[in-house]
Amino acid sequence: MPAAPATTASAHAPSSTPASAARTASTPTQSMKPTPVFVLNSLDGNVSVIDPTTWKEIKRIPTGKEPHHLYLTPDEKSVIVANAASDSLTFIDPRTAEVQRTVRGILDPYHLRFSPDMKWFLTNGNRLNHVDVYRWDGSNLQLAKRIATGKTPSHLWIDSKSTIAYSSMQDSDELVVIDLATQTILHRIKVGSLPADIYVTPDDRTLFLGLTGGEGVEVYDVSGVRTGQAPRFLKLLPTGKGAHAFRPMGDGEHIFVSNRVANTISRIDTRTQSVDFTMPTSAGPDCMDLSADGKTLLVSSRWARKLTLIDLATRKIVREIPVGASPHGVWTLDHAPRR
């Protein structure tokens, strides 16, 4: 395998921020030290901490039942792990992998996301059929609105203006559009089978939706959503069975999608809305992150109980690290941009 990357990233943390640029510029010694890789073991209720120089598990952090996804706080001081079945959030230092605090009373946080303006924090209640909108003051969460949705909210996306949120409904096969200012549902449209992750292009004009119950990714025109128009279906991109999670390359033009049933990963050109290539990976690929140099893709392989490393130059697996049961989210502070 090529030299182990001093990075690795996951599907559910924000892209580079002014804080991250300042961190790199002002603390060059610290920035050279690789930060740990976090893998969420959903069935074990813990997080595997991986050393990105030796690619060995250092320790496991107990969190709560069913940790599925995670997200970085806007100040980059904490990575938040959402424990869906324990109704809690675990805050972990992304540099030292030490637990900072646990926030309880957050009902069924399956998926989570901050708005770009750092005003809103959203969680999807996967088993309780709601989207919760919280106000964020930089440290604390205050529930602003609990929005009843269709059956089984899955993944979230918030537009670049922090005005519109999108949520997929995996069991009612819908896409829900939410106005953040009023915390009300603007649109509800039928989509393909078992919709999962969502990616919207940086210009907020095109939405990509993974179909875990299908064989590809649906593409929608969402350019008119802010003016009252519902998302408009454009096409279906065949990628593979069980299209599930996205990870942008960081160039604003390409995204990876994991095909969980086909055991493959496809790269999509968002400009041409076409599939560039598809490559094999370990069983049950789910969440992904990308090394800061853009050379290595990190993939949680849910059925294989592994963290899989793929060299993008050769499109081949170069390393597999054993982790816990049903690994889901994967993330590190050292990562390529997410747009």
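Below is a short write-up of the structure. (Residues numbered from 1 in each chain as written. Predicted model: local features only at pLDDT ≥ 70, side-chain atom pairs only at ≥ 80, totals over all residues. Heavy atoms only, no water.)

## Focus on the overall build of the protein
Then, in step 1: When you go through the protein residue by residue, the secondary structure sums to two helices and 28 strands.
Then, in step 2: Radius of gyration (C-alpha) of the protein: 18 Å, near the 20 Å computed for a compact globule of 339 residues.
Then, in step 3: By principal-axis analysis of the C-alpha atoms, the protein measures approximately 50 × 45 × 40 Å.
Then, in step 4: Pairs at least 24 apart in sequence give 46% of the contacts found in the protein among residues at least 6 apart.
Then, in step 5: Here the protein holds 38 positive side-chain charges and 34 negative ones, and the gap between their average locations is 2 Å. (Helix = DSSP H or I, 4+ residues; strand = E, 2+ residues; numbered from the N terminus. Rg over C-alpha atoms; globule rule 2.2 N^0.38 Å. Contact = heavy atoms within 4.5 Å. Lys, Arg positive; Asp, Glu negative; His and termini not counted. Charge placed at Lys NZ, Arg CZ, Asp CG, Glu CD.)

## Points about the environment of Asp137
Then, in step 1: Tracing the backbone shows Asp137 in the loop between β10 (130-136) and β11 (141-148).
Then, in step 2: Along the backbone, Asp137 and Trp120 are 17 residues apart, and their C-alpha atoms lie at a distance of 8.9 Å.
Then, in step 3: At a separation of 2.6 Å, a polar atom in the side chain of Asp137 contacts the main-chain amide nitrogen of Asn140. (Polar contact = N/O pair within 3.5 Å; in protein donor to acceptor, adjacent residues only side chain to side chain.)

## Things to note about the packing of aromatic side chains
Working definition: an aromatic ring pair is given by the centre-to-centre distance plus the angle between the planes.
Then, in step 1: One pass over the full model with this rule turns up eight aromatic pairs.
Then, in step 2: Here Phe38 and Trp331 contribute two aromatic rings whose centre-to-centre distance is 6.1 Å and whose plane-to-plane angle is 25 degrees, an arrangement assigned as stacked. Pair noted here: Phe38 is in strand β1 (residues 37-41) and Trp331 is in strand β28 (residues 327-332), with a separation of 293 residues, a long-range link. Assigned by exposure class, Phe38 and Trp331 land together as buried.
Then, in step 3: For the pair Trp157 and Tyr199, a centre-to-centre distance of 5.2 Å together with 70 degrees between the ring planes defines the contact as edge-to-face. Pair noted here: Trp157 is in strand β12 (residues 153-158) and Tyr199 is in strand β16 (residues 195-200), with a separation of 42 residues, a long-range link. Each member of the pair, Trp157 as well as Tyr199, carries the same accessibility label: buried.
Then, in step 4: A connected cluster of aromatic rings, assembled from ring pairs, spans Tyr71, Phe114, Phe121, Tyr134 and Trp136.
Then, in step 5: The lysine or arginine in question, Arg315, covers the ring of Phe277, its NZ or CZ lying 3.6 Å from the ring centre. (Phe/Tyr/Trp six-rings, centres within 6.5 Å; stacked < 30°, edge-to-face > 60°. Buried < 20%, exposed > 50% of the residue type's maximum accessible area, 1.4 Å probe, protein only. Lys NZ or Arg CZ within 6 Å of the ring centre and 35° of its normal.)

## A closer look at the side chain of Thr239
Then, in step 1: The residue Thr239 is located in the loop between β19 (232-238) and β20 (243-248) in this model.
Then, in step 2: When its relative accessible area of 10% is taken as the criterion, Thr239 is described as buried.

## Focus on the sheet that holds strand β23 (residues 274-280)
Sheet strands pair by backbone hydrogen bonding; their relative direction is either parallel or antiparallel.
Then, in step 1: Read across the open sheet, the four strands follow the order β20-β21-β22-β23; overall the sheet is antiparallel. Each edge of the open sheet carries a strand with a single partner, namely β20 and β23. Between one strand axis and the next, the sheet turns through 25 degrees on average, direction left out of account.
Then, in step 2: As defined by bridge partners, β20 adjoins strand β21 (residues 254-259) across four bridges and the pair is classed as antiparallel. Opposite Arg247, over in β21, you have Phe256 as the bridge partner. (Pairing = 2+ DSSP bridges. Axes fitted to C-alpha atoms, helices over the stretch in contact; angles between N-to-C directions.)

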